[in-house]
Amino acid sequence: MKKVVISSRSFGSISNEPFALLASAGFSHKFLDASASRETLVAELADSDAMIAGTVKIDAELLAACKQLKVIARYGAGVDNIDLDAAKALGITVTNTAGVNAEAVADLAFGLILDARRGISLANQKVHQGQYKYVVGRDVYKKTLGLIGFGAIAQGVARRASGFSMQVLAYDPFIKEVPAEFQPYVTLCGFDELVAQSDIVSIHVPLTPETKGMFNAAVIKRMKADAALINLGRGGIIDEADLYACMKEGHLLAAGLDVTAKEPIEPDNPLLTLDNVTITPHMGMFTAEVIHEMSMVCARNVVKKFQGEALDFVVV
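Residues numbered from 1 in each chain as written. Predicted model: local features only at pLDDT ≥ 70, side-chain atom pairs only at ≥ 80, totals over all residues. Heavy atoms only, no water.

S.K.: Before we move on, could you go through the overall build of the protein and cite the residues and values that matter?
M.R.: A count of helical and extended segments in the protein gives eleven helices and twelve strands. At 21 Å, the protein has a C-alpha radius of gyration in line with the 20 Å of a compact globule built from 316 residues. With respect to the three principal axes, the spread of C-alpha positions in the protein is 60 × 45 × 35 Å. Classification of the 316 residues of the protein by burial places 48% in the buried group. Taking the intrachain contacts of the protein between residues at least 6 apart in sequence as the baseline, contacts between residues at least 24 apart amount to 63%. Summed over all atoms, the accessible surface of the protein reaches about 14800 Å², with 54% contributed by carbon and sulfur. (Helix = DSSP H or I, 4+ residues; strand = E, 2+ residues; numbered from the N terminus. Rg over C-alpha atoms; globule rule 2.2 N^0.38 Å. Buried < 20%, exposed > 50% of the residue type's maximum accessible area, 1.4 Å probe, protein only. Contact = heavy atoms within 4.5 Å. Areas by Shrake-Rupley, 256 points an atom, 1.4 Å probe, with all protein chains shown as cover.)

And the structure:
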């Protein structure tokens with residue numbers, strides 16, 4: 001019997017179907033808790049044929065210890081936790097679930113946009129504290145939304161923005177022309193123009209050397225003083241110390257973050273002291289529908305690898 005190690009806590013949590021698929025193809029499975037030690041991870045992967053990976057770091061040293069590993073099915077879109085060059089050199093196929101969670105993440109992004117502009121979380125907090133007082137927010141309708149990146153998630157946010165009659169600016173150096181669907185209301189522009197003109201800036205790019213610290217104090221201060229900053233990309237794209245300092249000075253209306261530099265966020269992170277910063281626990285993809293579909297995509301890819309079939313969403 002072949003073995004698959006699973007390091008994602010939510011894999012198969014909605015239905016038994018992914019486990020049934022793996023079992024029918026001759027796989028036993030082993031769950032690893034997120035807190036499992038590196039030694040435990042190495043020991044379990046040493047004789048594993050496949051891995052369904054969450055966010056655990058999979059570096060070259062770990063991969064070198066995987067003597068029979070043939071495929072890593074990343075349960076999620078981001079692969080910045082996997083050394084792709086090392087995997088490729090060892091002949092290990094890496095897949096992800098790109099696009100499967102796009103609409104769910106876009107939903108949360110727009111929820112954070114509404115929350116940041118209208119102060120929904122803050123108003124709720126005050127009511128729970130016995131302060132029945134309204135919060136004066138800012139409109140979303142007909143405002144300008146700036147999207148950093150214009151991939152599947154950002155395009156989903158743009159579609160939602162169209163229902164609010166928003167003007168949408170998009171910065172994406174890899175896109176030369178917006179698809180016809182978006183041309184009536186989306187304009188490609190430069191980074192500086194987007195930052196200066198947007199009422200809301202929403203980040204939807206991966207963490208790379210080019211995007212790390214992209215939103216530092218200098219950039220944040222070029223945003224409108226009453227703008228909102230939303231991040232569903234990766235935490236390191238925003239310099240959190242700079243964001244705190246700028247917001248403490250009253251620059252920016254609000255921020256909505258589904259990602260932080262360290263996850264879970266450290267309890268002494270000063271952003272937690274600001275009542276106009278909403279922070280959610282990297283939950284963009286977590287809907288029942290997406291969890292089930294991502295589980296099935298990963299299970300199918302593991303099975304396909306050993307049945308000699310073409311895999312979906314191959315990264316390397």
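We are not done yet, so read on.
S.K.: Before we move on, could you go through the sheet that holds strand E12 (residues 277–279) and cite the residues and values that matter?
M.R.: Ordered in space as E8-E7-E6-E9-E10-E11-E12, the seven strands form an open sheet in which the pairing is parallel. The strands lining the two open edges of the sheet, one partner per strand, are strand E8 (186–188) and E12. Between one strand axis and the next, the sheet turns through 15° on average, direction left out of account. Sheet topology note: the strand E7 (residues 167–171)/E8 ladder contains three bridges and is parallel. Bridge pairing links Val168 to Val186 in E8. The sheet contacts of helix H7 (residues 152–162) involve strand E6 (144–148), E7 and E8, and relative to E6 the element is tilted by about 170°. (Pairing = 2+ DSSP bridges. Axes fitted to C-alpha atoms, helices over the stretch in contact; angles between N-to-C directions.)

S.K.: Give a description of the packing of helix H5 (residues 102–118) against H7 that names residues and reports values.
M.R.: Two elements in contact, H5 and H7, have axes separated by 8 Å at closest approach and are oriented at 50°. Classed by the angle they form, the pair H5 and H7 counts as oblique. Handedness of the crossing formed by H5 with H7: right-handed. Contacts between H5 and H7 pair Ala102, Glu103, Val105, Ala106, Asp107, Ala109, Phe110 and Ile113 from the former with Ala152, Ile153, Gly156, Val157, Arg159, Arg160 and Ala161 from the latter. In terms of residue class, the contact of H5 with H7 is built from ten nonpolar, one polar and four charged. (Parallel < 35°, antiparallel > 145°, perpendicular 65-115°, else oblique. Left-handed = near helix turned anticlockwise from the far one by under 90°. Nonpolar A, V, L, I, M, F, W, Y, C, P; charged D, E, K, R; others polar.)

S.K.: Before we move on, could you go through the pairing of E6 and cite the residues and values that matter?
M.R.: Taken across its five residues, E6 has five buried, putting it largely inside the fold. Alternating residues of E6 divide into Thr144, Gly146 and Ile148 and Leu145 and Leu147, and every residue in both groups is buried. Relative to E7, E6 runs parallel, the two being bridged by five bridges. Counterpart to Leu145 in the pairing with E7 is Val168. Between the parallel pair E6 and E7, the chain is carried across by H7, and the sense of this crossover is right-handed. Bridge count between E6 and strand E9 (residues 200–203): four bridges; the pairing is parallel. Residue Ile148 lies in a different strand from E9, and its bridge partner there is Ile203. (Right-handed = clockwise from strand over helix to strand, strands pointing away.)

S.K.: I'd like to hear about helix H10 (residues 240–248), residue by residue, with values.
M.R.: Listing the buried residues of H10 in full gives Glu240, Leu243, Cys246 and Met247. Seen from one end, H10 has its buried residues packed into an arc of 125°, which puts them on one side. Exposed residues pointing more than 90 degrees away from the buried face of H10 are listed as Ala241 and Lys248. Gly250 lies just past H10 and shows a positive phi near 90°. (Arc of directions from axis to C-beta.)

S.K.: Break down H5 for me, citing the residues and quoting the values.
M.R.: Structural remark: α-helix, 3.6 residues per turn; residues separated by three or four positions point the same way. Compared with the 24 Å implied by 1.5 Å per residue over 17 residues, the 24 Å span of H5 between its first and last C-alpha is a close match. With twelve of 17 residues buried, H5 lies mostly within the body of the structure. One or two residues past the end of H5 sits Gly119, with phi positive at roughly 65°. (Expected span 1.5 Å × (residues − 1).)

S.K.: Lay out the nonpolar core in plain terms, naming residues and giving numbers.
M.R.: Grouped together as the largest cluster of nonpolar side chains are 29 residues, with contacts concentrated most on Ile113, Leu145, Leu147, Phe150, Val157, Ala158 and Val186. Of all the secondary structure elements, the ones that give two or more residues to this core are H5, E6, H7, E7 and strand E10 (228–231). Those residues in contact with Leu147, other than ones at most four positions away along the chain, are Ala154, Val157, Ala158, Val168, Leu169, Ala170, Tyr171, Leu194, Ser202 and His204. (Core = buried A, V, L, I, M, F, W, Y, C linked by side-chain atoms within 4.5 Å.)

S.K.: Which residues make up the pairing of strand E11 (residues 254–257), and what values go with them?
M.R.: Of the two faces of E11, the one holding Ala254 and Gly256 and the one holding Ala255 and Leu257 are both buried throughout. Note that E10 and E11 share four bridges and pair parallel. Pairing of Ala228 across the sheet is with Ala254, part of E11. After leaving E10, the chain enters H10 and then returns to the sheet as E11, a path that is right-handed. Across three bridges, the pairing between E11 and E12 is parallel. Within E12, the residue paired with Gly256 across the bridge is Thr278.

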